[in-house]
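Descriptive analysis of the structure
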Amino acid sequence: MSHGRIPARAGVVGGGLMGAGIVHGLLVAGGEVVLLERDEAAADAARARVQRSCDKGVERGKLADAAEPMGRLTTTTDAADLSGCGLVVEAVPEDEQLKRETLGRVEAVIADDAALATNTSSISLDALATSLRRPERFLGLHFFNPVPASKLVEIVIASATDEVWRDRAVEWVRDGLGKTPVVVADSPGFASSRLGVAIGLEAIRMLESGVASAQDIDAAMALGYGHPMGPLELTDLVGLDTRLGIARYLERELGPRFAPPQLLVDLVEQGHHGRKAGRGFYDWNDDAQEKNA
Ligand code: CAA
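Residues numbered from 1 in each chain as written. Predicted model: local features only at pLDDT ≥ 70, side-chain atom pairs only at ≥ 80, totals over all residues. Heavy atoms only, no water.

Per an unreviewed UniProt entry, the chain is named 3-hydroxyacyl-CoA dehydrogenase family protein, and its organism is Janibacter alittae. Turning to the chain, the UniProt record has this under Sequence similarities (unreviewed entry): "Belongs to the 3-hydroxyacyl-CoA dehydrogenase family." Word for word, the UniProt comment on the chain under Pathway (unreviewed entry) is "Lipid metabolism; butanoate metabolism." (UniProt positions renumbered as here; feature names shortened; annotations may be inferred.)

What follows is the structure, encoded as structure tokens:
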């Protein structure tokens, strides 16, 4: 394996918003990518998501052509197809039990010298690693949404992660993916989610208690603090369901300041999961001329 270069064949498990973005990043890095999904319909939807992302890359002049990278993507529902991968990134929903089972299933088929990574935004890697056979090659590769436009990958180091794998991950992110790595110790919410979710939850509480409209809360942070988008719009982008999962986990681990506001719980129950669902704090339906509160 040549250092700096992403392994010639890499795998991603779960082709949702983040998984598809990670696939995009790995394809742009130049190798073969195998994407594992739970059934054929999910695999087709994931492929379509990656295709849209590559098409957008072409529109923006970042990719010469979408067909060539898409030709290096294989979608599958059989975990055994990950066997030849030198790196597998798990990107299934933010649920500890689901992630643990998924990681176990992947570890059963990959080679002993393949890296195993999770894209969890918050869950303790030590907790996820308890049933792994070779936890020394397990680490966090936490990507940010939208992956193609984001310059950061948080590399999370668990107690058992060997420094050889940490150093390789730094090189893969920097030289292979062309992003900036930050190395953080395993702790709830790492560096980025803990702070980002704290702001997001406070913004929802402010909306709930009528401090200001969603647009005005967002404008306050976007224009007053120079954030690229306000915390409610960002929650719509990330997914309200994803943020709720992270908040519940951080509440358990760090205390009641991370308790999810009722408004967030209600919107998720109603299926208003954000942009991907057409509605969150704003209306993102195609017929909406612009995002509407
Ligand atoms: N290839 C493909 N698509 C690309 C691209 C590329 N190289 N570069 C950008 N795009 C996409 C963007 O994703 C965006 O997609 P949509 O049309 O679906 O929105 C589109 O092209 C337009 O991008 P622009 O750069 O023109 O738009 P912009 O200047 O308004 O920037 C933004 C959009 C990059 C999303 C910017 O607003 C931003 O950085 N927002 C903050 C994002 C953020 O904070 N992300 C962190 C979320 S937290 C997280 O992800 C972790 C977690 O744990 C949940």
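That shown, we press on.
A separate point is helix 7 (residues 192-208). The end-to-end C-alpha distance of helix 7, which contains 17 residues, comes to 24 Å, matching closely the 24 Å that a straight helix rising 1.5 Å per residue would cover. Listing the buried residues of helix 7 in full gives S193, V197, G200, L201, A203 and I204. For helix 7, the buried positions fall inside an angular range of 160° around the axis, keeping them on one side. Looking at the buried side of helix 7, the elements it contacts are strand 6 (138-143), helix 8 (214-225), helix 9 (231-238), helix 10 (240-254) and helix 11 (262-269). (Helix = DSSP H or I, 4+ residues; strand = E, 2+ residues; numbered from the N terminus. Expected span 1.5 Å × (residues − 1). Buried < 20%, exposed > 50% of the residue type's maximum accessible area, 1.4 Å probe, protein only. Arc of directions from axis to C-beta. Contact = heavy atoms within 4.5 Å.)

The subject of this paragraph is the pairing of strand 6. In terms of burial, strand 6 is largely enclosed, as six of its six residues are buried. Bridge analysis of strand 6 against strand 7 (residues 152-157) gives four bridges, and the strand direction is antiparallel. The residue of strand 7 that forms the bridge with G140 is V156. (Pairing = 2+ DSSP bridges.)

Another aspect to go through is the sheet that holds strand 3 (residues 73-76). Adjacent strands of a sheet pair through backbone hydrogen bonds, lying either parallel or antiparallel. Within the open sheet, the eight strands sit side by side as 3-2-1-4-5-6-7-8. Their pairing is mixed. Strand pairing shows two members of the sheet lacking a second neighbour, strand 3 and strand 8 (180-185), which therefore form its edges. Each strand of the sheet is rotated relative to its neighbour by a mean of 25°, with strand direction disregarded. In this fold helix 4 (residues 96-107) packs onto strand 1 (9-13), strand 2 (32-36), strand 4 (87-90), strand 5 (115-118) and strand 6, with an angle of close to 165° to the strand it touches most, strand 5. (Axes fitted to C-alpha atoms, helices over the stretch in contact; angles between N-to-C directions.)

With that settled, consider the UniProt feature "domain: 3-hydroxyacyl-CoA dehydrogenase NAD binding" (unreviewed entry) in the chain. The feature "domain: 3-hydroxyacyl-CoA dehydrogenase NAD binding" (unreviewed entry), as annotated in UniProt, sits at residues 10-186 in this numbering. Annotated as residues 10-186, this span is 39% helix and 22% strand, and its ends, taken at the C-alpha atoms, are 24 Å apart.

Moving on, we get to the nonpolar core. Grouped together as the largest cluster of nonpolar side chains are 43 residues, with contacts concentrated most on L82, V88, L116, F138 and L232. When residues of this core are traced back to their parent elements, those giving at least two are strand 2, helix 4, helix 5 (125-129), helix 7, helix 8, helix 10 and helix 11. Ranked by the residues each element gives to this core, the list is headed by helix 10, at six residues. What L116 contacts, discounting residues up to four positions off in sequence, is V88, L103, V106, E107, I110, L132, R137, F138 and L139. Counting 36 residues, the second largest nonpolar core, distinct from the first, contains A10, A115, A169 and V173. (Core = buried A, V, L, I, M, F, W, Y, C linked by side-chain atoms within 4.5 Å.)

Let us look at a positive patch on the surface. Taken together, the side chains of R52, K56, R60, K62, K151 and R275 present a region of like positive charge at the surface. For K62, the location among the structural elements is in the loop between helix 2 (40-59) and helix 3 (67-71). (Patch = residues over 30% accessible without salt bridge, like charges linked within 9 Å, V, L, I, M, F, W, Y side chains within 5 Å. Areas by Shrake-Rupley, 256 points an atom, 1.4 Å probe, with all protein chains shown as cover. Salt bridge = Lys/Arg side-chain N within 4 Å of Asp/Glu carboxyl O. Lys, Arg positive; Asp, Glu negative; His and termini not counted. Charge placed at Lys NZ, Arg CZ, Asp CG, Glu CD.)

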